[in-house]
Amino acid sequence: MTHTLDEKVYEGVLEQIKAYIEDKKLEPGDKLPSERMFSELLQVGRSSIREALRALELLGLIETRRGEGTFMRAYRPYHMVGLLSKFLLNNTRTREELLAAKQMLEKEILILSIGQLSSEQLAKLQLMLPEACNSEDHLKLFTYLFEESHHPLLLSMWQFICGFTHTVHDITYSDDWYRRMYQAMIKQSKEQMYSLF
């Protein structure tokens, strides 16, 4: 019973710290409050704060600098890829599932973006359409969509999966696919967007 209670406290602290980061709009390089300050601010024990900060550090979202404090860091989706890829990518089924997950996230962000982008954002999107099956342009295009749609978690998941799949082969689409995708975005047609997949 105590274990469940501890987990609830820890999850709550993690959520509160995340809310604090979002509320203060902290960027990579910004300093976070100390354990003591967080403890007073959130009215929880320092051990719970320490656990939550450790979890965020393991995820690569923050870093502790000895003698300086804790700072936000740029999320590095490729952080654990080298370590894990040789195990994961030996399995054909895992490879296929990762590619399917990547495609699902790309489809999701396209659907979520329909009707949400301004004319300026759409114009920028048009300039970013890859000329050919260019994986670098493809990554830039979808990174832009995830960022402009304000879905950082989906972006992190997608980037993390990209870190694995690019060591196998990238999903890119034909010139015509990108043009049809852009037309579906302009026409705000979810049906046309779904038909691309």
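Okay, so let's go over this structure. Here the structure is a predicted model, which is why all the values come from computation and not from measurement. (Residues numbered from 1 in each chain as written. Predicted model: local features only at pLDDT ≥ 70, side-chain atom pairs only at ≥ 80, totals over all residues. Heavy atoms only, no water.)

**Focus on the packing of helix H6 (residues 119-128) against helix H7 (residues 135-148)**
Step number 1: Contact geometry of H6 with H7 gives a least axis separation of 10 Å together with a crossing angle of 165°. Relative to H7, the element H6 lies roughly antiparallel. Relative to H7, H6 is oriented so that their crossing is left-handed. Seen from H6, the contacting residues are Gln-121, Lys-124, Leu-125 and Met-128; seen from H7, they are Lys-140, Leu-141, Tyr-144, Leu-145 and Glu-148.
Step number 2: Within the contact of H6 with H7, the residues separate by chemical class into five nonpolar, one polar and three charged. (Axes fitted to C-alpha atoms, helices over the stretch in contact; angles between N-to-C directions. Helix = DSSP H or I, 4+ residues; strand = E, 2+ residues; numbered from the N terminus. Parallel < 35°, antiparallel > 145°, perpendicular 65-115°, else oblique. Left-handed = near helix turned anticlockwise from the far one by under 90°. Contact = heavy atoms within 4.5 Å. Nonpolar A, V, L, I, M, F, W, Y, C, P; charged D, E, K, R; others polar.)

**Comments concerning the packing of aromatic side chains**
Step number 1: Taken as a whole and assessed by the stated rule, the structure comprises eight aromatic pairs.
Step number 2: Measuring from ring centre to ring centre gives 5.2 Å for Phe-146 and Trp-158, while their planes differ by 35°; the resulting arrangement is tilted. With Phe-146 in helix H7 and Trp-158 in helix H8 (residues 152-165), this pair connects stretches of sequence that are 12 residues apart. Like Trp-158, Phe-146 is buried. (Phe/Tyr/Trp six-rings, centres within 6.5 Å; stacked < 30°, edge-to-face > 60°. Buried < 20%, exposed > 50% of the residue type's maximum accessible area, 1.4 Å probe, protein only.)

**Considering the pairing of strand E1 (residues 62-65)**
Step number 1: Pairing of E1 with strand E2 (residues 69-72), which is carried by four bridges, proceeds in the antiparallel orientation. Across the sheet, the residue bridging to Ile-62 is Met-72, located in E2. (Pairing = 2+ DSSP bridges.)

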